[in-house]
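What the coordinates show
Here is what each chain is made of, one letter per residue.
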Amino acid sequence: ERSYYGYLAADQLDLPYAMNHVRAPVDAAAQARFRDLAGTLRAREWWLIDRPREARQEWKAVTKDLQRQDLMQAALIAHSWGWHEQAIITLAQSKYWSDLDVRYPLPYSGNVIRLASEFGITPEDIWSITRSESLFARDARSYAGARGLMQLMPATAREVARKDGLRYGGVDDLYDPDINLRLGTRYLAQLLERYDGSLALAAAAYNAGPHRVDRWKPDYPIETAIWAENIPFNATRDYVQKVLKHATGFHWQRTGHPMRVSLRLGDIEAETEVAE
């Protein structure tokens, strides 16, 4: 299956991944009807003038009573606008899971690929974290105060910017996609370097903080997949699995073949003490 555990099973059995990509069928008449709805027109106008909050409210109202097939067409329309947050959500509401073009879009591609090259990570690292954090909603804000595409805490952004001499003028900058992606990518690259390239550990640290991940690491070698299964925070355990699954999907979308989850896991080595 196209899932975290399905990918792990395929790795154990040395089998190819079954991506099972099937585009959602297009119903031109249903799309035309939906586009002509007053709520859809208002949502479109709010989206075009960069007012995502109001656009989101209109979209939720106009889609709340749609049947499955019409939800699917609405998702395709949102995708055609480049409104990936609502395209992904609406397609999920239709319970159609096989259109990977909608589920794994590649927004900000030029910027993401440049940043990945600059900081020595893969574009999939960036996209998988961003999708897991905000569904590509540039105005996202969490209850804890994280902001923007990669959901950076202001204190984290300030520290990353200070260390690397990157631009950061305050909280409002985190809603600028270019600034948010640069600071978030640099922070993610720092975590990947800290954890020897393990996307699993870096994702756990991105979600729960590196201080917690360092405490959770045992003092004996262990397979990372086993370690990840025993992360004490349910939200972080689910987040790690989601990031690894999404990285596989984005790599397939970008290159035409999936990235093996096992290649991003590795082993957790025992901590060694240096004798004085």
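Structure shown above.
Rules and cut-offs
Residues numbered from 1 in each chain as written. Predicted model: local features only at pLDDT ≥ 70, side-chain atom pairs only at ≥ 80, totals over all residues. Heavy atoms only, no water. 1 Å grid on protein atoms, 1.4 Å probe; cavity = no way out; pocket = protein on both sides within 12 Å on 5 of 7 lines; lining within 4 Å. Points joined across faces, edges and corners; volume = space filled by probe spheres on them. Helix = DSSP H or I, 4+ residues; strand = E, 2+ residues; numbered from the N terminus. Phe/Tyr/Trp six-rings, centres within 6.5 Å; stacked < 30°, edge-to-face > 60°. Buried < 20%, exposed > 50% of the residue type's maximum accessible area, 1.4 Å probe, protein only.

What follows is about the layout of surface pockets. By volume, the largest pocket is sized at about 340 Å³. Those elements that provide at least two residues to the lining of the largest pocket are helix H9 (123-134), helix H12 (199-208) and helix H15 (234-255). If you tally residues by element for the lining of the largest pocket, the top one is H12, at four residues.

All right, on to unusual backbone geometry then. Located in the positive-phi region is Asp-50, a residue other than glycine, with phi close to 60 degrees. Topologically, Asp-50 is positioned in the loop between helix H3 (38-48) and helix H4 (52-63). The backbone of Lys-95 shows a phi angle near 65 degrees, a positive value even though the residue is not glycine. With respect to the helices and strands, the residue Lys-95 is situated in the loop between helix H6 (84-93) and helix H7 (100-103).

Per the counting criterion, the structure on display carries 12 aromatic pairs. Judged by centre distance (5.7 Å) and plane angle (70 degrees), the ring pair of Trp-59 and Trp-81 falls under edge-to-face. Of this pair, Trp-59 sits in helix H4 while Trp-81 sits in helix H5 (residues 68-81); the two residues are 22 residues apart in sequence, bridging distant segments of the chain. On the accessibility criterion, Trp-59 (0% relative accessible area) is buried. For the ring pair Trp-59 and Trp-83, a centre distance of 5.4 Å and an interplane angle of 70 degrees mean the geometry is edge-to-face. You can see Trp-59 sitting in helix H4 and its partner Trp-83 sitting in the loop between H5 and H6, a full 24 residues away along the chain. In terms of burial, Trp-59 and Trp-83 fall into one category: buried. Ring pairing ties together the aromatic residues Phe-34, Trp-47, Trp-59, Trp-81 and Trp-83, which thus form one cluster.

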